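Structural features, examined
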Amino acid sequence: MKYNDLQVSANKNKKRVGRGIAAGQGKTAGRGTKGQNARTGKKLRVMFQGGQRPLAQAVPKARGFKSLRTPAQVVYMDHLNAFDGKTVDNALLFTEGYIATPFHTVKVIARGELKAKIDLKVQAASASVVAAIEKAGGSFEKVATPIRQSAKEAEEK
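Quick summary incoming for the structure in this document. (Residues numbered from 1 in each chain as written. Predicted model: local features only at pLDDT ≥ 70, side-chain atom pairs only at ≥ 80, totals over all residues. Heavy atoms only, no water.)

Digging into the nonpolar core
Counting 20 residues, the largest nonpolar core has Leu-80, Phe-83, Val-88, Leu-93, Val-108, Ile-118 and Leu-120 as its most contacted members. Here this core gets four residues from one element, more than from any other, and that element is helix α3 (residues 127–135). Not counting the four nearest positions on each side in its chain, Val-88 is found in contact with Leu-80, Phe-83, Leu-93, Ile-118, Asp-119, Leu-120, Lys-121 and Val-122. (Core = buried A, V, L, I, M, F, W, Y, C linked by side-chain atoms within 4.5 Å. Buried < 20%, exposed > 50% of the residue type's maximum accessible area, 1.4 Å probe, protein only. Helix = DSSP H or I, 4+ residues; strand = E, 2+ residues; numbered from the N terminus. Contact = heavy atoms within 4.5 Å.)

Some points on the sheet that holds strand β6 (residues 139–142)
Across the sheet, which stays open at both edges, the three strands sit in the order β2-β4-β6 with parallel pairing between neighbours. Both edges of this open sheet fall to β2 (87–89) and β6, since each of them pairs with a single strand only. Averaged over neighbouring strand pairs, the angle between their axes works out to 15 degrees when direction is ignored. Sheet topology places strand β4 (residues 119–122) next to β6; four bridges connect them, and they run parallel. Paired with Leu-120 across the bridge in β6 is Phe-140. (Pairing = 2+ DSSP bridges. Axes fitted to C-alpha atoms, helices over the stretch in contact; angles between N-to-C directions.)

Description of α3
Along α3, the residues classified as buried are Val-129, Val-130, Ala-132 and Ile-133. Here the buried residues of α3 occupy an arc of 165 degrees about the axis, which is enough to place them on one side. Turned more than 90 degrees from where α3 packs its buried face, Ala-127, Glu-134 and Lys-135 sit exposed. Residues of α3 that are buried in the fold lie against β3 (106–109), β4, β5 (124–125) and β6. Directly after α3, the chain includes Gly-137, whose backbone phi takes a positive value near 95 degrees. (Arc of directions from axis to C-beta.)

Structure representation (structure tokens):
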């Protein structure tokens, strides 16, 4: 049998149960005999386990929450003294081993002193770092996080 040979209709009619013995789904209408599930009216809760304490209630809950946002990779200001006269961006910090991946947000945090004149091009820097860079004669530019290139795009270049 092939996919195009299947006999299916887009709008299947709802099965009419409980319409007599000859209808095929009469009398108990697929509900079995007696019991809570056989009755009409109010249905059971999703977690209901027949009066037993539900598993979701019995398991302890982890407090707080886990953020899906990946935290920024931190680079300290005193590390930037190694890049005197250079343009510092994600790629350079990655090749020098200061960050784990060039494709995540990088934030420069103040620590120590900055003596080197650098052009910083990363996603974020604290206000005191920006002031220190400008005092040293450099500049700070906020840039977007670099996007990882797909294998197909890399192949074309």
